[in-house]
Amino acid sequence: MSGTTRTGGQDLAEAAAIAIIIRGRCVKPEATFEVVNPATGRFLANAPDATPKQLDDTMEGALAAFHSWKVDDAARVAAMYAAAEVMERHAADLAQILTAEQGKPLRESVAEVETTARWFRWYADLDITPEVAEDSDVRRVVVHRRPLGPVIAIAPWNFPIQSAGKKAAQALRVGNTVVVKPSPFTPLATLKWVEVLQGVLAPGVVSALSGGAQLGSWMTSHPLTRKISFTGSTATGKLVAAAAVPDLKRTTLELGGNDAAIVLDDADPAAIAAGIFDRGFVNCGQTCAAIKRVYVPEKLHDELVDALAAIADNKVVGVGTDPTTDYGPVNNRIQLGIVTDLVEDALHKGAHAAAGGTRHDGEGYFYRPTILSNLDDGVRIVDEEQFGPALPVMSYKTLDEALARANDSKYGLGGSVWTSDLERGEAVADRIEAGTVWVNNHAQTLPHQPFAGAKWSGIGVENSRLGMLEFTQVQAVHVAR
Ligand code: NAD
């Protein structure tokens, strides 16, 4: 690990002048909370703590903007293209703030902003012409997709801009307005991103408020909220679902996961180790649909564990601003505690740390990439979501057994099959209970690929045309002839 972050606390606060965005204006905070730099564990900047009155003002502004935003499809497409362009222009500045508060390497922060811009263009290009279900001598039936109104987009701390951005892109395309709430661990870059968008969007089309759980619950129960698009933990998702009920608000929930990777007996451990490692430790393991447990045939187990451990030992853990860094810190002290506890529990129960197994030296929330072997289902790190840089590898005897173990989970976000026989891989993929199953890949999301959680991993779909349509109300117009 080298140096300290260049983006120091006071500097960042002053340079970025972080504000909430209401009706197109940057509004000075009435109260603030502290944001910590995970690379130092110290104060980074103050973030605005939005009040109920500010929320009311924001929602009223979002409703006012909705009436004009929803009517002109061509204007929306043009505005979304302009938004993508302005994001790209500010990618370097936004990335500095994102790395300072989230911890990820700077190049990944830049990629996060650029990916969001690409998604804006992808949705802008979608044809949303109403479907004609019947056009006959007796009747004409047209199926419209009407926008809902103000949508709230609640995001977690792992991919703050991308998470809020993909929700916004889908909601905006079909005519909704959006109010974004980032996680209190990572509010700064998102607020700045929304500020940047104000240059090309009418006031109230996209707003942003920061705050904690209380703000989230005010937003989900606010009478002007017409749809909740939530990404976060399963525990919070259940609270959000309950909050939506009294008013029958539409909800899409993207929640936790405990994705299994199943290695087939025809796979070559040397060939797949890099892919499995990369997809398990993407974003320092803090990815909802990362590989969180690996099942490998007994005869391939040792070779795969050794290959994964060798990769782990060669990874550079350090501050995100250092270009040689592979993995930054865990984002926050609570998450570091969860990862540390789960690894210690596994070691205590006889697991072997083939790599890592401890925190990384130095200040900040750093943790060594950890490969655990000699453990089984029933150990907490196998059964629970670690959401961090530690990966358990278990051996299996039969494929049926591996599938049963992979599916024996409350979660069903993603899964993967690793094989040299793609046809066989696809057949095994059919038997995994998850919203997305990859063969020889994992955790890759694409704008045209639906993303849904099975079981406790979510309700509804995000991404692709299917996801976008969840931000609409179906209206059939039946004309009798
Ligand atoms: P979290 O549930 O603690 O917080 C997510 C967001 O919800 C934050 O903005 C938070 O302030 C807000 N919130 C908290 N209480 C709320 C309430 N009562 N009402 C409304 N909003 C409230 O999750 P986290 O720790 O930020 O993120 C990690 C979790 O998110 C992991 O479980 C991970 O798997 C999951 N996740 C899922 C996906 C997915 O697409 N399925 C993507 C990323 C992360």
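Residues numbered from 1 in each chain as written. Predicted model: local features only at pLDDT ≥ 70, side-chain atom pairs only at ≥ 80, totals over all residues. Heavy atoms only, no water.

Enquirer: What is the right way to look at helix H10 (residues 269-280) in this model?
Expert: In an α-helix, one turn spans 3.6 residues; hence positions three or four apart end up facing the same way. Under the 1.5 Å per step criterion, the end-to-end length of H10 is 15 Å for 12 residues, consistent within 8% with the ideal 16 Å. Within the span of H10, buried status applies to Pro269, Ile272, Ala273, Ile276, Phe277, Arg279 and Gly280. With its buried residues spanning 165° around the axis, H10 presents them on a single face. Next to the buried residues of H10 lie strand S12 (260-263), strand S13 (293-297), helix H11 (298-313), strand S15 (370-373), strand S16 (390-396) and strand S18 (414-418). (Helix = DSSP H or I, 4+ residues; strand = E, 2+ residues; numbered from the N terminus. Expected span 1.5 Å × (residues − 1). Buried < 20%, exposed > 50% of the residue type's maximum accessible area, 1.4 Å probe, protein only. Arc of directions from axis to C-beta. Contact = heavy atoms within 4.5 Å.)

Enquirer: Looking at this structure, I do not really get the confidence of the model for the chain. What am I missing?
Expert: Close inspection of predicted coordinates is inappropriate for parts of the model with low pLDDT. Taken residue by residue, the chain gives an average pLDDT of 96. The fraction at 70 or more is 97%. Contacts of residues 1-10 to residues separated by more than four positions or lying in other chains number 33 contacts, the stretch itself having pLDDT below 50. (pLDDT = per-residue confidence, 0-100.)

Enquirer: How do you make sense of the pattern of salt bridges when you look at a structure like this?
Expert: Once their charged atoms are close, side chains differing in charge can pair, the charge on each being opposite to the other. Enumeration according to the criterion identifies 30 salt bridges in this entry. Between Arg279 and Asp278 there is a salt bridge; the shortest N-O distance is 3.1 Å. Looking at Arg279, the relative accessible area reads 15%, which means it is buried. Lys455 is the partner of Glu433 in a salt bridge, and the nearest nitrogen-oxygen pair spans 2.9 Å. Of the two residues, Glu433 is situated in the loop between helix H15 (422-429) and strand S19 (436-439) and Lys455 in strand S21 (residues 454-455); the sequence distance between them amounts to 22 residues. You can call Lys455 partly exposed: its relative accessible area is 37%. Members of the salt-bridge network, linked through shared partners, are Lys166, Lys167, Glu254 and Glu462. (Salt bridge = Lys/Arg side-chain N within 4 Å of Asp/Glu carboxyl O.)

Enquirer: I tried to follow a nonpolar patch on the surface on my own but got confused; where do I start?
Expert: A contiguous nonpolar surface patch, about 250 Å² in accessible area, is contributed by Phe185, Ile334 and Ile338. Within the secondary structure layout, Ile338 lies in helix H12 (residues 333-348). When its relative accessible area of 33% is taken as the criterion, Ile338 is described as partly exposed. (Patch = residues over 30% accessible without salt bridge, like charges linked within 9 Å, V, L, I, M, F, W, Y side chains within 5 Å. Areas by Shrake-Rupley, 256 points an atom, 1.4 Å probe, with all protein chains shown as cover.)

Enquirer: In this structure, what is going on with the nonpolar core? I would like to understand it.
Expert: It is characteristic of soluble globular proteins that their nonpolar side chains tend to be buried jointly. Phe120, Leu172, Val180, Trp193 and Val206 are the most contacted members of the largest nonpolar core, which totals 72 residues. Per element, the largest residue contribution to this core is seven residues, and it comes from helix H7 (residues 188-197). Apart from the residues lying within four places of it in its own chain, the contact partners of Phe120 are Met80, Ala83, Ala84, Met87, Gly165, Ala168, Ala169, Leu172 and Trp193. Among the nonpolar cores identified, the runner-up in size contains 30 residues, and Ile262, Val343, Leu375 and Ile432 belong to it. (Core = buried A, V, L, I, M, F, W, Y, C linked by side-chain atoms within 4.5 Å.)

Enquirer: Would you mind going over helix H9 (residues 234-244) with me for this structure?
Expert: Of all the positions in H9, only Thr234, Gly237, Val240 and Ala244 are classed as buried. Looking straight down H9, one finds that the buried residues subtend no more than 110° of arc, so they occupy a single side. Those residues of H9 that are exposed and angled more than 90 degrees off the buried face are Ala235 and Leu239. Against helix H8 (213-220), strand S10 (227-231), strand S11 (250-254) and strand S17 (411-412) lie the buried residues of H9.

Enquirer: Even after reading the chapter, I still don't get the sheet that holds strand S6 (residues 139-147), so can you show me in this structure?
Expert: Remark on secondary structure: sheet strands pair via backbone hydrogen bonds, oriented parallel or antiparallel. Strand order across the open sheet formed by three strands is S5-S6-S24, with antiparallel pairing between neighbours. Of all the strands in the sheet, the pair left with one neighbour each is strand S5 (131-135) and strand S24 (472-480). Going across the sheet, the axis of each strand differs from the next one's by a mean of 20°, ignoring polarity. As paired elements, S5 and S6 share four bridges and run antiparallel to each other. (Pairing = 2+ DSSP bridges. Axes fitted to C-alpha atoms, helices over the stretch in contact; angles between N-to-C directions.)

Enquirer: I keep staring at the pairing of strand S4 (residues 42-48) and nothing clicks. Help me out?
Expert: Across a regular strand the side chains alternate sides, sitting on one face of the sheet and then on the other. Judged from the six bridges that link them, strand S3 (residues 32-37) and S4 form a sheet pairing that is antiparallel. Bridge pairing in S4 places Thr32 opposite Pro48. Between S3 and S4, which pair antiparallel one after the other, the connecting turn spans four residues, and Gly41 there sits at a positive phi close to 75°.

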